[in-house]
Amino acid sequence: MGSLTIAAAQFAPVDDPAANLDTIRTFAEQAVERGAQLLVTPEYSSYFTADIDDRFVAAAQPLDGSFVTGLQQIARDTGLALVVGVAETADAPGRFRNTLVAVRPDGTLDVAYRKVHLYDAFGSRESDRIDAGDPEQLAVFELAGVRVGLETCYDLRFPEVTRRLADPELGAADVVVLPAEWVRGPGKEHHWRTLLTARAIENTVWVVGVGQTPPIGVGGSVVLDPSGVAVAAAGVTPGLLVATIDTDTTTAVRSVNPSLSLRRYAVVPRD
């Protein structure tokens with residue numbers, strides 16, 4: 001079967017895309033030294049401020065802009081695949097998209113995922129500036145024989161997203177990576193870890209959560225196996241987490257807990 005060594009870089013992006021690109025390059029070089037094949041960074045890795053306002057709109061770039069082309073160069077230089085959260089230009093004025101890009105080791109842009117569930121909760125209003133992605137999206141790419149599914153932050157609170165990615169008849173993902181800017185607050189760390197673990201257990205799938213660090217995010221990046229056991233975890237400080245996921249473990253877990261094959265419901269996007 002397949003195996004893939006994944007590095008999760010948790011840090012707090014700043015309001016300077018060039019500086020964030022330098023940070024990602026540094027983490028990419030460290031990830032390669034530690035044997036990783038894929039580097040995942042947090043949501044909004046291209047640009048971040050505490051408030052989602054017109055500055056975000058101004059900083060957003062098309063996917064052929066300098067930030068993503070910079071990621072493509074990092075991939076080519078290091079031979080590493082990347083999944084990175086970016087602020088992408090939208091069609092309508094005054095708006096942008098919250099996007100994940102997956103870049104292959106040769107620099108090819110493989111897939112882009114636009115966040116479906118916008119964070120209109122806990123006092124925030126992403127929908128005031130951000131265009132939601134198409135609920136029919138099924139963002140999965142293959143690397144080293146392992147299928148990698150993508151979702152973003154608040155999507156985690158909607159179990160249907162992960163279910164569609166893991167469904168053998170749909171995404172058939174072996175691992176779901178979830179970049180986030182999980183905002184700190186009462187009970188939020190507990191929500192983050194509990195929901196990530198639930199998504200792993202109920203879908204018998206590997207899950208990699210990658211968070212921004214304080215002052216805004218909770219950090220807490222983690223790699224969970226298909227039974228919900230953390231094989232690697234981080235605290236609140238910036239740094240790199242590396243773990244190898246393998247599909248043999250998935251097969252073993254599903255042989256004793258065939259929940260995906262026993263389920264009686266399908267997931268259908270709402271109109």
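Residues numbered from 1 in each chain as written. Predicted model: local features only at pLDDT ≥ 70, side-chain atom pairs only at ≥ 80, totals over all residues. Heavy atoms only, no water.

J.: Is there a simple way to think about helix H3 (residues 66-78) in this case?
T.: Residues that lie three or four places apart on an α-helix share one face, since the helix turns once every 3.6 residues. Spanning 13 residues, H3 covers 18 Å between terminal C-alpha atoms, matching the ideal 18 Å at 1.5 Å per step. All buried positions along H3 are accounted for by Phe67, Val68, Gly70, Leu71, Gln72, Ile74, Ala75 and Thr78. Where H3 is buried, its residues touch helix H1 (17-33), strand S3 (81-89), strand S4 (96-103) and strand S5 (109-114). With its phi angle positive at about 70 degrees, Gly79 sits one or two positions after the end of H3. (Helix = DSSP H or I, 4+ residues; strand = E, 2+ residues; numbered from the N terminus. Expected span 1.5 Å × (residues − 1). Buried < 20%, exposed > 50% of the residue type's maximum accessible area, 1.4 Å probe, protein only. Contact = heavy atoms within 4.5 Å.)

J.: Mind showing me how you'd approach the sheet that holds strand S11 (residues 230-233) here?
T.: In sheet architecture, strand pairing relies on hydrogen bonds along the backbone and comes in two forms, parallel and antiparallel. Across the sheet, which stays open at both edges, the six strands sit in the order S6-S7-S8-S9-S10-S11 with mixed pairing between neighbours. The sheet is open, and its two edges are formed by strand S6 (140-143) and S11, each paired on a single side. Across the sheet, the axes of successive neighbouring strands diverge by a mean angle of 20 degrees, strand direction being ignored. With three bridges joining them, strand S9 (residues 206-211) and strand S10 (residues 222-224) adopt antiparallel strand pairing. In the sheet register, Gly209 faces S10, and the bridge partner there is Val222. (Pairing = 2+ DSSP bridges. Axes fitted to C-alpha atoms, helices over the stretch in contact; angles between N-to-C directions.)

J.: Is there a simple way to explain the packing of aromatic side chains in this structure?
T.: Ring pairs (aromatic) are described by centroid distance and by the angle formed between their planes. Scanning the model with the defined rule gives 10 aromatic pairs in all. Ring centres 5.1 Å apart and planes at 80 degrees place the aromatic pair Tyr47 and Phe56 in the edge-to-face group. Take Tyr47: its relative accessible area is 6%, and that puts it in the buried class. For Phe56, a relative accessible area of 0% puts it in the buried group. Geometrically, the ring pair formed by Phe56 and Phe96 is stacked, given 5.2 Å between the ring centres and 5 degrees between the ring planes. Here Phe56, found in helix H2 (residues 54-59), pairs with Phe96, found in strand S4; they are 40 residues apart in sequence, far enough to count as distant. For Phe96, a relative accessible area of 0% puts it in the buried group. Among the aromatic residues, those joined into a ring-pair cluster are Tyr44, Tyr47, Phe48, Phe56 and Phe96. A cation sits over an aromatic face here: Lys188 above Phe122, 4.6 Å from the ring centre. (Phe/Tyr/Trp six-rings, centres within 6.5 Å; stacked < 30°, edge-to-face > 60°. Lys NZ or Arg CZ within 6 Å of the ring centre and 35° of its normal.)

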